[in-house]
Amino acid sequence: MKKFRIETVDNGKGRFFDIQPLGNQRYQIYIEGETIGTIQLDEKTMRAAKVKAAN
């Protein structure tokens, strides 16, 4: 998977996050090129995300 971008909206204000896969279900999260954190998804979360994306 390549780098991708998501947008969130809170109280009418949008914010973009760039997400880069690191392997082993780990992803690095950036805002405007600055790293803000790393997450790791488990198998259950990955399956739920794939089902939701298919709908």
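This is a predicted model, so every value here is computed, not measured.

**Student:** How do you make sense of the overall build of the protein chain when you look at a structure like this?
**Tutor:** For the protein chain, the helix and strand inventory stands at one helix and four strands. Ordered by position from the N terminus, the helices and strands of the protein chain form the series β-β-β-β-α. The 55 residues of the protein chain split such that 16% are buried. Sequence-distant contacts in the protein chain: of pairs separated by 6 or more residues, those separated by 24 or more amount to 1%. If you sum the accessible surface of the protein chain, you get close to 4,800 Å²; carbon and sulfur atoms cover 49% of it.

**Student:** So what exactly am I meant to see when it comes to the pattern of salt bridges here?
**Tutor:** A side chain of one charge can pair with a side chain of the opposite charge when the charged atoms of the two come close. Applying the stated criterion to the full structure yields one salt bridge. We note a salt bridge from Asp 18 to Arg 5, for which the minimum N-O separation is 3.0 Å. With Asp 18 in strand E2 (residues 13-23) and Arg 5 in strand E1 (residues 4-10), this pair connects stretches of sequence that are 13 residues apart. Accessibility expressed as a relative area gives 15% for Asp 18, which makes it buried.

**Student:** Explanation requested: the sheet that holds E1 in the structure shown.
**Tutor:** Neighbouring strands of a sheet are bound in pairs by backbone hydrogen bonds; such pairs are parallel or else antiparallel. Taken together, four strands build an open sheet; the order of strands is E1-E2-E3-E4 and the sheet is antiparallel. A strand with exactly one partner marks an edge of an open sheet, and here the two such strands are E1 and strand E4 (34-40). Recorded for the sheet is a direction-independent mean angle of 30 degrees between the axes of neighbouring strands. Here E2 runs beside strand E3 (residues 26-31); their pairing, made up of five bridges, is antiparallel. Bridging from a neighbouring strand, Gln 20 pairs with Gln 28 of E3.

**Student:** Quick question: what am I supposed to make of the environment of Phe 4 here?
**Tutor:** Looking at the secondary structure, you find Phe 4 in strand E1. Residue classification places Phe 4 among the partly exposed positions, given a relative accessible area of 32%. Spatially, the C-alpha atom of Phe 4 lies 8.8 Å from that of Pro 21, the residues being 17 residues apart in sequence. Sequence-distant contacts of Phe 4, that is, excluding residues within four places in its chain, are made with Phe 17, Asp 18, Ile 19 and Tyr 27.

About the thresholds
- Residues numbered from 1 in each chain as written.
- Predicted model: local features only at pLDDT ≥ 70, side-chain atom pairs only at ≥ 80, totals over all residues.
- Heavy atoms only, no water.
- Helix = DSSP H or I, 4+ residues; strand = E, 2+ residues; numbered from the N terminus.
- Buried < 20%, exposed > 50% of the residue type's maximum accessible area, 1.4 Å probe, protein only.
- Contact = heavy atoms within 4.5 Å.
- Areas by Shrake-Rupley, 256 points an atom, 1.4 Å probe, with all protein chains shown as cover.
- Salt bridge = Lys/Arg side-chain N within 4 Å of Asp/Glu carboxyl O.
- Pairing = 2+ DSSP bridges.
- Axes fitted to C-alpha atoms, helices over the stretch in contact; angles between N-to-C directions.

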